[in-house]
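# Results of the structural survey
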Amino acid sequence: MSGRQQRRLVVICVDGGLPGIIRDHGFFDLRTVLPTVPGTAVHELRSIYPSSTAPSHASFLTGTHPNGHGIVGNRFWERESVAEIRRRADDPLSAFHPYERTSLTAPSLLDWFAQQGASAAAVHFPQTFARNTRAAIPACYCLYAPARDLVVPLSPAGDEAADGRVTLPCPGHEPTLYLRLDQRTGVITIGGAHAVVAVTDGSPPVRLDVAVPSGSLSVAVSCLLLDGNRILLKLGTAVLTMGFGGLDPAPRRRGGDGAASLRVEYTASPQHDFHESPRTEWVERTALDVLDEHDPDVLFVRFNQADHAQEFLYWHAVRGTAGEQGHAWQQILDTYARIDACVQRIAEAVGEQGEFLLFSDHGIDYVETHLSPNRVLADLGLADRMVFQGDSNCAYLYADAPLGAGVEERLGDALRALDPSVGVPTPADRARWGLPVGSPRVGRMTVTCGRHIEFQYGEAAARADVASASHGHFPSDPAMNGFYRCFGRAAALPGPPGDITGAASVVRAIWSRMARGI
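Residues numbered from 1 in each chain as written. Predicted model: local features only at pLDDT ≥ 70, side-chain atom pairs only at ≥ 80, totals over all residues. Heavy atoms only, no water.

### A closer look at the pattern of salt bridges
Definition in use: Salt bridges are defined as contacts in which a side-chain nitrogen from Lys or Arg sits within 4 Å of a carboxyl oxygen from Asp or Glu. Counting from the N terminus, the helices are the DSSP runs of H or I reaching at least four residues and the strands are the DSSP runs of E reaching at least two. The classification of residues rests on relative accessible area computed with a 1.4 Å probe and restricted to protein chains. Under 20% of the type maximum is buried, over 50% is exposed, and intermediate values are partly exposed.
In this structure the tally under the stated criterion is 29 salt bridges. Its salt-bridge partner being Arg207, residue Asp257 comes within 3.7 Å of it at the nearest N-O pair. With a gap of 50 residues between them, Asp257 in the loop between β14 (238–244) and α6 (280–294) and Arg207 in strand β11 (residues 206–212) connect regions that are remote in the sequence. On the basis of relative accessible area, Asp257 is assigned to the partly exposed category, the value being 27%. As a salt-bridge pair, Arg319 and Glu368 come within 3.0 Å of each other at their nearest N and O atoms.

### Focus: the packing of aromatic side chains
Think of a pair of aromatic rings as described by two things: how far the centres are apart, and how the planes are tilted against each other in angle. Where we set the bar: Centre distance within 6.5 Å is the pairing criterion for rings of Phe, Tyr and Trp, where only the six-membered ring of Trp is used; planes under 30 degrees apart are then read as stacked, over 60 as edge-to-face, and the remainder as tilted.
Overall, the coordinates contain 21 aromatic pairs when judged by the stated rule. An aromatic cluster is defined as three or more aromatic residues linked by ring pairs; in this entry it consists of Phe60, Trp112, Phe113, Phe125, Phe300, Phe359 and Trp511.

### What to know about the nonpolar core
In globular proteins that are soluble, nonpolar side chains generally tend to be buried together. The following threshold applies: In these notes, a set of buried Ala, Val, Leu, Ile, Met, Phe, Trp, Tyr and Cys residues joined through side-chain atoms within 4.5 Å is what counts as a nonpolar core. We call two residues in contact when some of their heavy atoms are within 4.5 Å.
With 87 residues, the main nonpolar core has Phe60, Phe113, Leu179, Ile190, Leu233, Phe300 and Leu357 as its most contacted residues. With seven residues, the single largest contributor to this core is helix α12 (residues 503–515). When neighbours within four sequence positions are excluded, Ile190 is seen to be in contact with Leu177, Tyr178, Leu179, Ala195, Val196, Val197, Val199, Leu208, Val221, Cys223 and Leu233. Counting 55 residues, the second-largest nonpolar core is a separate cluster that includes Val123, Trp282, Val290 and Leu299.

### What to know about the pairing of strand β7 (residues 161–167)
Successive side chains on a regular strand alternate, one facing one side of the sheet and the next facing the other. Using the following cut-off: By the convention used here, strands pair only if DSSP detects at least 2 bridges between them.
Where strand β6 (residues 155–156) and β7 come together, two bridges link them in antiparallel fashion. Bridging from a neighbouring strand, Pro156 pairs with Ala162 of β7. Two successive antiparallel strands, β6 and β7, enclose a turn made up of four residues, where Gly158 displays a positive phi of approximately 100°. In this sheet, strand β8 (residues 176–182) lies alongside β7 in antiparallel orientation, the contact comprising seven bridges. Bridge assignment links Ala162 to a residue of β8, and that residue is Leu181.

### Describing unusual backbone geometry
Cis geometry marks the peptide bond from Tyr49 to Pro50, where omega comes out at -5°. Relative to the assigned elements, Pro50 resides in the loop between β2 (43–45) and α2 (53–62). With an omega of -10°, the peptide bond between Ser277 and Pro278 qualifies as cis. Unusually for a residue other than glycine, Asp295 sits at a positive phi of about 50°. Note on placement: Asp295 falls in the loop between α6 and β15 (298–303).

### Notes on the sheet that holds β8
Spatial ordering of the open sheet is given by β6-β7-β8-β9-β10, a layout of five strands whose pairing is antiparallel. Looking along the sheet, the strands with just one partner apiece sit at the ends: β6 and β10 (195–200).

### Focus: the side chain of Gln389
Our working definition: We define a polar contact as two N or O atoms separated by no more than 3.5 Å, with the added condition that, inside protein, one atom must be a possible hydrogen donor and the other a possible acceptor, whereas residues neighbouring each other in sequence contribute only through side-chain atom pairs.
Examined against the element boundaries, Gln389 turns out to sit in strand β18 (residues 386–390). According to the relative accessible area criterion, Gln389 is buried, its value standing at 3%. Within the structure, the side chain of Gln389 is placed 3.0 Å from the side chain of Arg75, a separation counted as a polar contact.

### Comments concerning helix α7 (residues 305–319)
For clarity, the threshold we go by: By this rule, a helix spans an expected 1.5 Å times one less than how many residues it contains. Bend, at a single residue, is the angle you get between axes fitted to the 7 residues ending at that residue and the 7 residues starting at it.
For α7, spanning 15 residues, the distance from its first C-alpha to its last is 21 Å, which sits close to the expected 21 Å at 1.5 Å a residue. Bending of α7 peaks at approximately 55° at the position of Leu313. Among the 15 residues that make up α7, eleven are buried, leaving the element largely enclosed by the rest of the structure. When we look at burial in α7, the residues that qualify are Gln305, Ala306, Asp307, His308, Ala309, Gln310, Leu313, Tyr314, Trp315, His316 and Ala317.

### So, the packing of α7 against helix α8 (residues 322–350)
Our working rule: Axes, fitted as lines to C-alpha atoms, cover a helix only where it is in contact. Angles between the N-to-C directions of the axes lie from 0 to 180 degrees. Orientation is classified from the angle alone, with under 35 degrees giving roughly parallel, over 145 giving roughly antiparallel, 65 to 115 giving roughly perpendicular, and any other angle giving oblique. Each helix crossing is assigned a hand: it is left-handed if the near helix lies turned anticlockwise from the far helix by less than a right angle, otherwise right-handed if that turn is clockwise. Residues are grouped as follows: Ala, Val, Leu, Ile, Met, Phe, Trp, Tyr, Cys and Pro are nonpolar; Asp, Glu, Lys and Arg are charged; all remaining types, including Gly, are polar.
Here α7 crosses α8 at 160°, and the two axes come no closer than 7 Å. The pairing of α7 with α8 is recorded here as roughly antiparallel in orientation. Of the two possible hands of crossing, α7 and α8 adopt the one that is left-handed. Each of Gln305, Ala306, Ala309, Gln310, Leu313, Tyr314, His316, Ala317, Val318 and Arg319 in α7 lies in contact with α8, whose residues at this interface are Glu324, Gln325, Ala328, Trp329, Gln331, Ile332, Thr335, Tyr336 and Ile339. Its residues assigned to classes, the contact of α7 with α8 comprises eleven nonpolar, six polar and two charged.

### Notes on the environment of Asp273
When you line up the elements, Asp273 lands in the loop between β14 and α6. Residue Asp273 is classed as partly exposed on the basis of its relative accessible area of 42%. The spacing of Asp273 and Arg148 is 125 residues in sequence and 8.5 Å in space, taken between C-alpha atoms. Once you skip the residues sitting within four places of it in the chain, Asp273 turns out to touch Ala147, Thr237 and Val264.

### A closer look at the environment of Asn67
The residue Asn67 is located in helix α3 (residues 66–69) in this model. Take Asn67: its relative accessible area is 44%, and that puts it in the partly exposed class. On a C-alpha basis, the gap between Asn67 and Gly434 in space is 5.5 Å, while along the polypeptide they are 367 residues apart. Beyond its immediate sequence surroundings of up to four residues, Asn67 is in contact with Ala431, Gly434, Leu435 and Pro436.

Shown next, in the form of structure tokens:
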């Protein structure tokens, strides 16, 4: 990288990054490592509706709202039957099409860069990758599955050993792990698909990286010996990394150094077992590897850890007791600091010839009520032919046939009875908010909810009190604002975009200035 003469543009999203935190604590000031590079202040960046990851990144890349680019939420469907939606909804690999480039219905910056003859690559950045296409740029993307504990029965394998096997839950796959207990030493060997690690009873977790058909699976594993015949296999949050466009997702040259974290993060929020997915340092290392191996003119990188930290911690930071608030804020700030250190190292590796644009796609706010519209469908006897899916504050009703006379009114009344903030917007409302009208992606009915409330799409209690946080609310809510700042001779020149839909034109202006040698 140091010998590269051509200038490079690096676009970094700090998912969920809050402008106030970044401004107040001096995060993401690249002049720390590149003191001669000019830069801008931290600007607030207004999001779109729904103000969530998939639609906001699509607006960044295309310069349009969902009625232009078609990404109407972090979760949507199109022409699938209700039965098919229900079958696929809980499988991350079957339901991640909102993050794929092929789901866009408008041209993006990737198309524009290709027209300029510029090469691009991406690390964990939505709408930059595509399955089943030869036009894919080098890119990778991560999905994750919850942590879990599995009891593995053992069978004798000689005088001093016992063997077991277990199916490892993974998005879209079920690889088999083999376990062997050496009864002399107490060492438990765990392996699968040419990857082997060794642990002992109660020892700290180790990282296991296993090849699967769609990529590389990374997970923290540890064991407890229940008795001579059973082992409790403890699995952290499993991370599936998929590679596209010639990018190998395996943690090559970094044996055993995959995307999964070895520990539970964000302990200021009790009663969860989430391991960061992917971990911050893995994103940095992968970005540096992509620069070395693919040498792109433009690199897109996304760090999603601040968003995760805030989803777990933000309620405790602003609504908890004084002690809870201090603990939660410190863990949030520690997460920003880890991302900042990674960003600084990427900037240092790229050097002073680089141009850098940093932004976040949305903000965050606390949530104290979960609403389950699918529970309402079940209570009304409609669940056999309808299903809700969608985003935090915007739910779409998918049905195999038109709703019929009175059903929409009946359902709307039931949802409003659940919470008075629930509304059923008119086509004019949806057009004003930038949502498509008449697209199958928004289903046969759109439902919204108010601030500090979030839709959930299981069929648990119709209403629940929670201590959580989320995004997705209207961009008129300042809490949904992201941030924007730039560094570099060309990047520091354009004014900041008014909102995230203006970012694409700023990126094009930066590249055009770079091409002219500015």
